[in-house]
Amino acid sequence: MTNHSHIITHHPPPETDTQIQTRWETYRLLISTNAIKTSKYNFFTFLPLNLFEQFQRIANAYFLVLLVLQVIPQISSLSWFTTVVPLILVLTVTAAKDATDDINRHRSDNQVNNRKVQVLIDRKLRSERWMDVQVGDIIKLENNQFVTADLLLLSSSEPLNLVYIETAELDGETNLKVRQALPVTGELGDDIENLANFNGEVRCEPPNNRLDRFTGTLSYGAQKYPLDNEKILLRGCTLRNTGWCFGLVLFAGQETKLMQNCGKSTFKRTSVDRLMNVLVLCIFGFLVFMCTILAVGNYIWEINKGSNFTVFLPRENDNSAGFSAFLTFWSYIIILNTVVPISLYVSVEIIRLGNSFYIDWDRKMYYSRSDTPAEARTTTLNEELGQIKYIFSDKTGTLTQNIMIFNKCSINGKSYGLPDVRGSLLQQKDAVDFSFNPLADPRFVFYDHSLVEAVKLENPEVHAFFRLLALCHTVMAEEKKGELLYQAQSPDEGALVTAARNFGFVFRSRTPDSISIVEMGKQQSYQLLAILDFNNVRKRMSVIVRSPEGKLCLYCKGADTIVYERLHQSCSKMMDVTTEHLNEFAGEGLRTLALAYRELDEDYFIQWKQRHHEASISLEDKDGKLDELYEEIEKDLLLLGATAIEDKLQDGVPHTIEQLSRADIKIWVLTGDKQETAENIGYSCNLLREEMNEVFIISGNSSEDVREELRLEEVLKSNSGASPEETSESVKLVKDEAVSGEYGLVINGHSLAFALERSMELDFLRTACLCKSVICCRVTPLQKAQVVELVKKYKQVVTLAIGDGANDVSMIKAAHIGVGISGQEGMQAVLSSDYSFAQFRFLQRLLLVHGRWSYLRMCKFLRYFFYKNFTFTFVHFWFAFFCGFSAQTVYDEWFITLYNLMYTALPVLGMSLFDQDVNDVWSFQHPELYVPGQRNLYFSRKAFFKCAIHSCYSSLVLFFIPYAALSDTVRDDGSDVADYQSFALLTQTCLLFAVSIQLGLEMSYWTAVNTFFVLGSLVMYFAVTFTMYSNGMFLFLPSAFPFIGTARNSLNQPSVWLTILLTSILCVLPVVTYRFLLTQLCPTVNDKVQKNQSLCRLVGLEETRVGRRASRRSGYAFSHAQGYGDLVTSNRFLRRPAVSLASGFPPVGRTTTGFSPMGRSAGYSPTGRPQNSKVPDVEGTSLQMFRTIADPPL
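- Looking at an unreviewed UniProt entry, one finds the protein chain named Phospholipid-transporting ATPase and attributed to Nothobranchius furzeri.
- Recorded in UniProt under Cofactor (unreviewed entry), the annotation for the protein chain is "Mg(2+)".

Dropping the structure here:
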């Protein structure tokens, strides 16, 4: 018999449930496999699907129809190859690019699908590929392995069946999280026989994208057990610090939460693409209009004058004038098709590809630490990077490194830690030498020597401060290879415990009822009596412990505003001093915590403990009763001091956000972290500033509350003098409005759920758009995407989403442009992104330099391309009135074929790949240069029609000046010059010179390549013309080269060159005049900066940091979750005891013969003072007296 799994079929499951069962069977039912697929094509579907997608582009379909018309001899005056060659070239280039992208997706899929994992089959563990794993399989994972699928944890190698996972691939957080198996399945252990005999049924929710939620039940052994997210291992997690574990596959492949969050890839088009589609339709309509006029002209001409020619030019089959007009209409459709040449799309693809290479090759966006270059994962969105108005950013791993550093502290009214210094100044300071402590973490760095001296001198307040940090936490300790390691549920807790460790108070181990620490070399064990756990309302955490001397004490740490409310009145003087320190810390962007303690009476605690036990087992209002007890005991606290932790932002984040704000880009942070954490980061990275008029907090718990809080929009509009708009279901667009002052908005997840309701979404959007910065905290991946979609729906703007985890994928795919942060946080976001790099600071270069240049180049290209082709085509239109509307072309057929492919292709490509109005340094110095792109000022319908009018004028000059110049002109020898071939040559030569000069006026940045392309194209034109109009080519193929001798007979006449000069001057004179007057009378930002750049030598961008004073912000429980106190005390958070390290401290402090801490012999007291004693001499001190570095005398 073999071990198989299958969906239960003898009692069909409800539609809302999924049922999985493992049992011994004689067959294996193939159900949901674990293979993933992110590719779009396979070998057989590539060609039809790709062609179908390409012909959805209007222009491609148009040229296909044109090709069909050209093969009809009655209406075609041009050869079929003039259309089919460019069309095939466009389709081939695009298909090759799409194939390359999809091949890379196939390789990525194969790499993942072919990973190996051990699966329990036939009572044996076999190595299988990930793609062969099925729902219901039992698999074994080992340390540092990726989780193969969504699993129900059955058992593990750790005590009490705990496992530790890293979820960086899912949410970007690198701190470890704990999962625990059910006791009933934990008994299976690693016994293969027991696991093979496991027969359980899981009834759970259907596949969904909720990473933080799971509901289900396990039926096993006639019992049902509830399942939640704490018992599930999700695909994409990594097993850490766990020898092995077994799990039952619940969801596999595309049904896993990781893949559910990926969503479906959508084809993204730029706003320029969308405008181009509209313009192509308009151009096609105008083409039909022109052809109709010419067809009517042909009809009238045939009736009035055509009969005069029927004697020697008889009509075929006696066709009537009406039929002749019908054929003429289609003939002119073919001749005038150059208003939308297919070479336009070839050029666009080449330009986008070239600008994508610039991003890939940019060394200034290369991150050497992780060997990660920037990557343009798509080539179709480059110009959109120059039009971004809204950026939606994740926080953890995107703005921050998720690394906490103990930076400063205030103890008993004295501030420790160096003033806020940067970079090299800090490196010049000598770090504290912790060699006196053999258990110190060598990675911990602190620069204030006075604090370690206070520790060595056994300052009782300093000792009590670090003792609190060593005891009041939920951290776990373990030893690996002789090194003591901490597993902290949140990075800030790890930073605080590590700080206490280095200053001589080393947390070593814990049990559910004790905490062991080493105090200045002496092993101490404290009895853990209670943990008063953290939650979002309490904003603090307390522990009650009994010291080795038998004293009871409560230690508390939390938000300073919360702790201050619970202090004894005797602390008022020290509160004032500590408040000054807190304000100073917060002004430097540090996260602050207040620390306090209270000694407890034994009899009171026994009575309180009894009531606490009764409340904890209460079935009604358990949380409320516990909160009352916590409030009762957490009072009359004595203040010890405050900590200041730096949440290490990625390098350059504040400056990047400041630069993007100056570019009028609005940044919204969408994070799953808590409100306090989100606010802290907001202040640290300059999203929120003290200079703002107000920061509004939306935290309503009902629809009515949220609606009321959102009415602040009326307040903002009243301040600006604007009248608030009424919410209307018919609103199609929310316009930007000016507000006097700067405001910020912070909204949490449950309030956002109400705000995104249809009846309230417009109120929320209007209010948010009136604010300078918006922070949405505690949001789900779905809400992130909903916020992006809301802005896209009601704002005509381009959006960008940037993130690093799987919880950002839906947001990245919803935005117009998605950017993935690559590095240690995981690659899921990168795989779904359009662009990727390693650091958030590279975003400013991507947008302000590459994005703006790409947009500017594309707009210049389109304006010029339409100009040169409209001018080329309109000359045909005017010529029709002089050739009897006969569909005769005004140019040589070879010139028509080579005009876009050879004579004008390279110059315009050179401009589109190398042109730049200002260099990258000036782009950073003047971020306001980015604004025209947001407003579509460089290419829009208005700019297009200006281009069309300019082309119309140029075509009139290019046709009538040569026409008039040749009408009564003779050669030097007296012979006539005015023949069709000479006129065609003169007209096309004038055209080429005119468009080349216009290109020179468009270019702002001349390079050797550009110069070579422009001059080389003119030389190429004359070389090809003289060759094709030579006697030899005519003799070789007379029908293809009829213009024999025209070039040498016409271009040797001075009147011809005078005509070329005159037409060129008349074509560009209005442009030069208009631009001169515009620059002098109404200069744009670009004009001013370009003028400054031409006058000044290039200088480096100087980064200036403006000091600011920020409000105090608690950094407690960064990523900290409620409930860990219960886990610690429930005998479920237990690891194997760490092997004792040698803890022999050298003699320090006042002692000379050995370690003898002061303040301990007479009994235990956290400070060595009477409980209600006041800090001496605080009244007579000021903040300056406690400075580590004194201010210089005046």
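**Topic: the overall build of the protein chain**
- Within the protein chain, the regular secondary structure consists of 40 helices and 34 strands.
- Among the 1194 residues that make up the protein chain, the fraction classed as buried is 57%.
- Considering only intrachain contacts with a sequence separation of at least 6, the fraction spanning at least 24 residues in the protein chain is 76%.
- In the form shown here, the protein chain has an accessible surface area of approximately 50,100 Å², with 57% of it arising from carbon and sulfur atoms.

**So, the confidence of the model for the protein chain**
- With 82% of its residues at a pLDDT of 70 or more, the protein chain has an overall mean of 81.
- Below pLDDT 50 for its whole length, residues 1-18 participates in 57 contacts with residues either more than four positions away or in separate chains.
- Note that pLDDT drops below 50 for residues 21-31; the model gives that stretch 45 contacts with residues more than four away or on any other chain.

**Some details on unusual backbone geometry**
- Although it is not a glycine, Arg 123 adopts a positive phi angle of roughly 60 degrees.
- With respect to the helices and strands, Arg 123 occurs in the loop between strand S3 (116-121) and strand S4 (124-129).
- Even without being a glycine, Ala 222 presents a positive backbone phi close to 65 degrees.
- Within the element layout of this structure, Ala 222 appears in the loop between strand S10 (216-220) and strand S11 (223-227).

**Things to note about a nonpolar patch on the surface**
- Among the surface-exposed residues, Phe 286, Phe 289, Ile 293, Phe 881, Phe 882, Leu 956, Phe 960 and Tyr 963 lie close enough to one another that they form a single nonpolar patch of about 710 Å² accessible area.
- Mapped onto the fold, Ile 293 is located in helix H8 (residues 271-304).

**A few points about helix H18 (residues 622-633)**
- The end-to-end C-alpha distance of H18, which contains 12 residues, comes to 17 Å, matching closely the 16 Å that a straight helix rising 1.5 Å per residue would cover.
- Residues of H18 that are buried in the fold lie against strand S23 (522-532), strand S24 (540-546), strand S25 (552-558), strand S26 (591-599) and helix H17 (602-616).

**Examining the pattern of salt bridges**
- In total, this model carries 37 salt bridges according to the counting rule given.
- Asp 228 serves as the salt-bridge partner of Lys 231, at 3.4 Å between the closest nitrogen and oxygen.
- Since its relative accessible area comes to 15%, Lys 231 is described here as buried.
- On the accessibility criterion, Asp 228 (32% relative accessible area) is partly exposed.
- With its nearest N and O atoms 2.8 Å apart, the salt bridge here joins Arg 566 to Glu 631. Of the two residues, Arg 566 is situated in the loop between helix H15 (560-564) and helix H16 (572-587) and Glu 631 in helix H18; the sequence distance between them amounts to 65 residues.
- Accessibility expressed as a relative area gives 12% for Arg 566, which makes it buried.
- In the salt-bridge network here, residues are joined through shared partners; they are Arg 540, Glu 565, Arg 566, Glu 631 and Glu 634.

**A few points about the UniProt feature "active site" (unreviewed entry) in the protein chain**
- The UniProt record annotates "active site" (unreviewed entry) at Asp 394.
- Residues within four places of Asp 394 in sequence aside, it is in contact with Leu 399, Leu 670, Thr 671, Lys 784, Ile 802, Gly 803, Asp 804, Asp 808 and Met 811.
- Polar side-chain contacts of Asp 394 include one of 3.3 Å to the side chain of Lys 784.

**Some remarks on the sheet that holds strand S7 (residues 162-166)**
- If you walk across this open sheet you meet the three strands as S8-S7-S13, and the pairing is antiparallel. Each of the sheet's edge strands pairs with one partner strand only, and the pair in question is strand S8 (176-180) and strand S13 (238-240). Taking each pair of neighbouring strands and ignoring which way they run, the sheet shows an average axis angle of 45 degrees.
- Pairing analysis gives three bridges linking S7 to S13, with the strands arranged antiparallel. Its bridge partner being in S13, Tyr 164 is matched across the sheet by Arg 240.

**Brief notes about the sheet that holds strand S32 (residues 798-803)**
- With mixed pairing, the nine strands of this open sheet are ordered in space as S15-S34-S33-S32-S16-S28-S31-S30-S29. Of all the strands in the sheet, just strand S15 (375-376) and strand S29 (694-698) have a single pairing partner and so form its edges.
- Pairing between strand S16 (residues 388-393) and S32: five bridges, direction parallel. Residue pairing for S32: Ile 388 is matched across the bridge by Val 798.

**So, the packing of aromatic side chains**
- Tallying each qualifying case throughout the model produces 61 aromatic pairs.
- Considering the side-chain rings of Phe 466 and Phe 503, the 4.7 Å spacing of their centres and the 20 degrees angle between planes classify their relative orientation as stacked. Taken together, the positions of Phe 466 in helix H13 (residues 460-471) and Phe 503 in the loop between helix H14 (491-502) and strand S21 (505-511) put the pair 37 residues apart, joining distant regions of the chain. For the pair formed by Phe 466 and Phe 503, the shared burial category is buried.
- Seen from their ring centres, Phe 870 and Phe 874 are 5.8 Å apart, and the 35 degrees between their planes marks the pair as tilted. Of the two residues, Phe 870 and Phe 874 are both situated in helix H28 (residues 842-880); the distance of four residues between them amounts to about one turn of the helix. In this pair, the class of Phe 870 matches that of Phe 874, namely buried.
- In this structure an aromatic cluster arises from ring pairing among Phe 872, Tyr 891, Phe 895, Tyr 899, Tyr 903, Phe 993, Tyr 1021, Phe 1022 and Trp 1057.
- Residue placement shows Arg 115 over the ring face of Trp 130; its charged tip is 5.0 Å from the ring centre.

**Looking at a negative patch on the surface**
- Judged by side-chain charge, Glu 620, Asp 621, Asp 623, Asp 627 and Glu 628 come together as a negatively charged surface patch.
- As for its placement among the helices and strands, Asp 623 is situated in helix H18.
- On the accessibility criterion, Asp 623 (53% relative accessible area) is exposed.

**Here's the deal with the pairing of S7**
- Burial within S7 is extensive, with five of its five residues counted as buried.
- Of the two faces of S7, the one carrying Leu 162, Tyr 164 and Glu 166 and the one carrying Val 163 and Ile 165 are both buried.
- Sheet topology note: the S7/S8 ladder contains five bridges and is antiparallel. Looking at S8, one finds that Glu 166 is bridged to Leu 176.

**Quick word on the environment of Glu 632**
- With respect to the helices and strands, Glu 632 occurs in helix H18.
- Residues within four places of Glu 632 in sequence aside, it is in contact with Arg 598, Tyr 604, Trp 608 and Arg 611.

What counts, and where the lines are drawn
Residues numbered from 1 in each chain as written. Predicted model: local features only at pLDDT ≥ 70, side-chain atom pairs only at ≥ 80, totals over all residues. Heavy atoms only, no water. UniProt positions renumbered as here; feature names shortened; annotations may be inferred. Helix = DSSP H or I, 4+ residues; strand = E, 2+ residues; numbered from the N terminus. Buried < 20%, exposed > 50% of the residue type's maximum accessible area, 1.4 Å probe, protein only. Contact = heavy atoms within 4.5 Å. Areas by Shrake-Rupley, 256 points an atom, 1.4 Å probe, with all protein chains shown as cover. pLDDT = per-residue confidence, 0-100. Patch = residues over 30% accessible without salt bridge, like charges linked within 9 Å, V, L, I, M, F, W, Y side chains within 5 Å. Salt bridge = Lys/Arg side-chain N within 4 Å of Asp/Glu carboxyl O. Expected span 1.5 Å × (residues − 1). Polar contact = N/O pair within 3.5 Å; in protein donor to acceptor, adjacent residues only side chain to side chain. Pairing = 2+ DSSP bridges. Axes fitted to C-alpha atoms, helices over the stretch in contact; angles between N-to-C directions. Phe/Tyr/Trp six-rings, centres within 6.5 Å; stacked < 30°, edge-to-face > 60°. Lys NZ or Arg CZ within 6 Å of the ring centre and 35° of its normal. Lys, Arg positive; Asp, Glu negative; His and termini not counted. Charge placed at Lys NZ, Arg CZ, Asp CG, Glu CD.

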